[in-house]
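Per-entry structural report
Chain by chain, the residues run as shown.
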Amino acid sequence: MADQLALDEVVTFTSDLIRIDTTNRGGGDCQERPAAEYAAARLAEAGLEPVMLERTRGRTNVVARLEGTDPSADALLLHGHLDVVPAEPADWSVHPFSGEIRDGVVWGRGAVDMKNMDAMILSVVRSWAREGVRPRRDVVIAFTADEEASAADGAGFLADRHAHLFEGCTEGVSESGAYTFHDGQGREFYPIGAGERGTGWMRLTARGRAGHGSKVNRENAVTRLAAAVTRIGEHEWPLRLTPTVRAALTEIAAVYGIETDLSDVDALLDKLGGAAKLVEATVRNSSNPTMLDAGYKVNVIPGEAVAHVDGRFLPDTEDEFRATMDRLTGPDVDWEFAHREIALQAPVDSPTFAAMREAVQAFAPEAHTVPYCMSGGTDAKQFARLGITGYGFAPLKLPEGFDYQALFHGVDERVPVEALQFGVQVLDRFLRSA
């Protein structure tokens, strides 16, 4: 079991990492190296031999291997990213890079996404070094750059250029799972990630005939683009249930004593009340228009108009997604993926999933642990290229009214000290039994 120093260190490490500004504005505008050096130093103090790797100067990744007692066992990847999304200080109650600890809460960008998990990993590894603990299987630890953009300087670079560092890894564990979800009726769920929708960020381009704004123009690029964007935004995607989502619906319904009728999923979601939020975004593909760019003067019809759409697709539905986008954009608008990543599916009947479930329930016996599919994506997509099955497991015990999902990329991101200490204990228990 994690010692008291580990419970103290996870708070210190979370605060320290938040104070290191690793804002990723996209386009290569980020410097993770100071945070990578901090993490590598903490690992080295625990007797590990971390390596720091860069594709681009300052975009630093850290990898280390903790040898297990059973050389024949498959290795486990434990990974977290070091970069964070931007934060505007004027919008926050405290400075987003202060790492302030106030009233039992650690404040700042990265408190839940995901410097908290980075700190948990460091704390557990150091606790094991003090105790002389070795896991059964090798554990490869990776702290990555660039997850909040394309991952080209982070997990993608590691998977493509340094695959040997992950030799033997068959499963990976990272962010977005095993946090407390309150249903508003007194029940606590701990969803464990066992799948991700694919990422399809699209650029739409409409071309037409440029001209004066006062003239008739039946080849108006803005009109063509607006029509396509409206069709995309209003499209009702059909239900597509993956094994993980089926399991989630079945287990959540059982908690409420509701018969699982998957022939009418929308009606079932209505019956689940607040718990429906755990699955409602992953029973279908989605396409949300997010950016528009056209014209330079009000009385000039431009010859080109551009839009961007955030598309997400479930496992085994990418062909359908592409065909639907061809139809919705129509003959006058071209589209392409500006960024694409695969969808993921992980088994919920594996020994690793069972070990994660048991670890949570050991410290939260009143909780209901259920599988779920993430609506977005993580670095697990890149590591999947190496045949590594990814799970979302960054445990946090959160009080009612503490909206974990709303704090992801949100204003006043923060995490309770007790949640971090719970996470260290759960992660420690899981890794000892995995």
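Quantities reported herein were computed from a predicted structural model and do not represent experimental measurements. (Residues numbered from 1 in each chain as written. Predicted model: local features only at pLDDT ≥ 70, side-chain atom pairs only at ≥ 80, totals over all residues. Heavy atoms only, no water.)

**A word on the pattern of salt bridges**
A side chain of one charge can pair with a side chain of the opposite charge if their charged atoms are brought near each other. Overall, the coordinates contain 36 salt bridges when judged by the stated rule. Between E366 and K397 there is a salt bridge whose closest N-O contact spans 2.9 Å. With E366 in the loop between α9 (351–363) and β17 (368–374) and K397 in the loop between β18 (389–392) and α11 (404–407), the pair connects residues that are 31 residues apart, well separated along the chain. With a relative accessible area of 41%, E366 lands in the partly exposed category. K397 sits in the partly exposed class, given a relative accessible area of 29%. It is possible to trace a salt-bridge network through shared partners that takes in D3, E9, R42, E45, R126 and R130. (Salt bridge = Lys/Arg side-chain N within 4 Å of Asp/Glu carboxyl O. Helix = DSSP H or I, 4+ residues; strand = E, 2+ residues; numbered from the N terminus. Buried < 20%, exposed > 50% of the residue type's maximum accessible area, 1.4 Å probe, protein only.)

**Observations regarding the sheet that holds strand β14 (residues 304–313)**
In a beta sheet, neighbouring strands are held together by backbone hydrogen bonds and run either parallel or antiparallel to one another. Spatial ordering of the open sheet is given by β12-β14-β10-β15, a layout of four strands whose pairing is antiparallel. On the outer flanks of this sheet lie β12 (286–294) and β15 (333–341), each paired with one strand and no other. Strand-to-strand, the axes of this sheet are offset by a mean angle of 20 degrees, without reference to chain direction. Where strand β10 (residues 198–207) meets β15, eight bridges bridge the pair, whose relative direction is antiparallel. The partner of T205 across the bridge, within β15, is D334. Sheet contacts for helix α5 (residues 221–234): β10, β12, β14 and β15; angle to β14, the most-contacted strand, approximately 15 degrees. Here helix α8 (residues 318–329) sits on the sheet in contact with β10, β12, β14 and β15, set at roughly 150 degrees to β15. (Pairing = 2+ DSSP bridges. Axes fitted to C-alpha atoms, helices over the stretch in contact; angles between N-to-C directions. Contact = heavy atoms within 4.5 Å.)

**Examining unusual backbone geometry**
Residue D113 is joined to M114 through a cis peptide bond whose omega torsion reads -15 degrees. Tracing the sequence through the fold places M114 in the loop between β5 (105–107) and α3 (115–131). Unusually for a residue other than glycine, A151 sits at a positive phi of about 70 degrees. By secondary structure assignment, the location of A151 is in the loop between β6 (139–144) and α4 (155–161). Overall, the relative accessible area of 3% leaves A151 in the buried class. In this structure, D412 is a non-glycine residue whose phi angle is positive, near 60 degrees. Along the chain, D412 turns up in the loop between α11 and β19 (414–416). With relative accessibility at 14%, the residue D412 sits in the buried group.

**Quick word on the UniProt feature "domain: Peptidase M20 dimerisation" (unreviewed entry) in the chain**
With numbering aligned to this structure, UniProt lists the feature "domain: Peptidase M20 dimerisation" (unreviewed entry) at residues 195–318. Along residues 195–318, the helical share is 29% and the strand share 28%, with 15 Å between the first and last C-alpha atoms. (UniProt positions renumbered as here; feature names shortened; annotations may be inferred.)

**With respect to the side chain of S287**
Tracing the backbone through its elements, the reader meets S287 in strand β12. At 3.3 Å, the side chain of S287 and the backbone oxygen of I232 are in polar contact. There is a polar contact of 3.0 Å between the side chain of S287 and the side chain of W237. Ignoring anything within four residues of it in the chain, the contact list for S287 reads I232, G233, W237, V309, D310 and G311. (Polar contact = N/O pair within 3.5 Å; in protein donor to acceptor, adjacent residues only side chain to side chain.)

**Details of the packing of helix α1 (residues 4–19) against helix α2 (residues 33–45)**
α2 packs onto α1 with a crossing angle of 155 degrees between their chain directions and a minimal axis gap of 10 Å. In terms of their interaxial angle, α1 and α2 are classed as roughly antiparallel. The handedness of the crossing between α1 and α2 comes out as right-handed. Contacts between α1 and α2 involve T12, F13, D16 and L17 from the first element and A35, Y38 and R42 from the second. For the contact of α1 with α2, the per-class residue count stands at four nonpolar, one polar and two charged. (Parallel < 35°, antiparallel > 145°, perpendicular 65-115°, else oblique. Left-handed = near helix turned anticlockwise from the far one by under 90°. Nonpolar A, V, L, I, M, F, W, Y, C, P; charged D, E, K, R; others polar.)

**Re the environment of F337**
Examined against the element boundaries, F337 turns out to sit in strand β15. Sequence spacing of F337 and L204 is 133 residues, and the spatial spacing of their C-alpha atoms is 8.9 Å. The residues contacting F337, other than those within four sequence positions of it, are G200, W201, M202, E318, F321 and R322.

**A short note on the nonpolar core**
Inside soluble globular proteins, nonpolar side chains tend to come together where they are buried. L272, F393, L427 and F430 are the most contacted members of the largest nonpolar core, which has 96 residues in total. It is helix α12 (residues 417–433) that contributes the most residues to this core, nine residues altogether. Once residues lying within four places of it in the same chain are set aside, the contact partners of F430 are L76, V173, T352, A355, M356, A359 and F393. Counting 19 residues, the second-largest nonpolar core is a separate cluster that includes A228, V229, A305 and V309. (Core = buried A, V, L, I, M, F, W, Y, C linked by side-chain atoms within 4.5 Å.)

**Thoughts on the pairing of strand β2 (residues 60–66)**
Most of β2 sits inside the fold, with six of its seven residues counted as buried. For strand β1 (residues 51–54) and β2, the ladder comprises four bridges, and the chain directions are antiparallel. Residue pairing in the sheet places E54 in a bridge with T60 of β2. Two successive antiparallel strands, β1 and β2, enclose a turn made up of five residues, where G58 displays a positive phi of approximately 90 degrees. Both β2 and β6 contribute to a ladder of five bridges, which runs antiparallel. Its bridge partner lying in β6, R65 is registered against V140.

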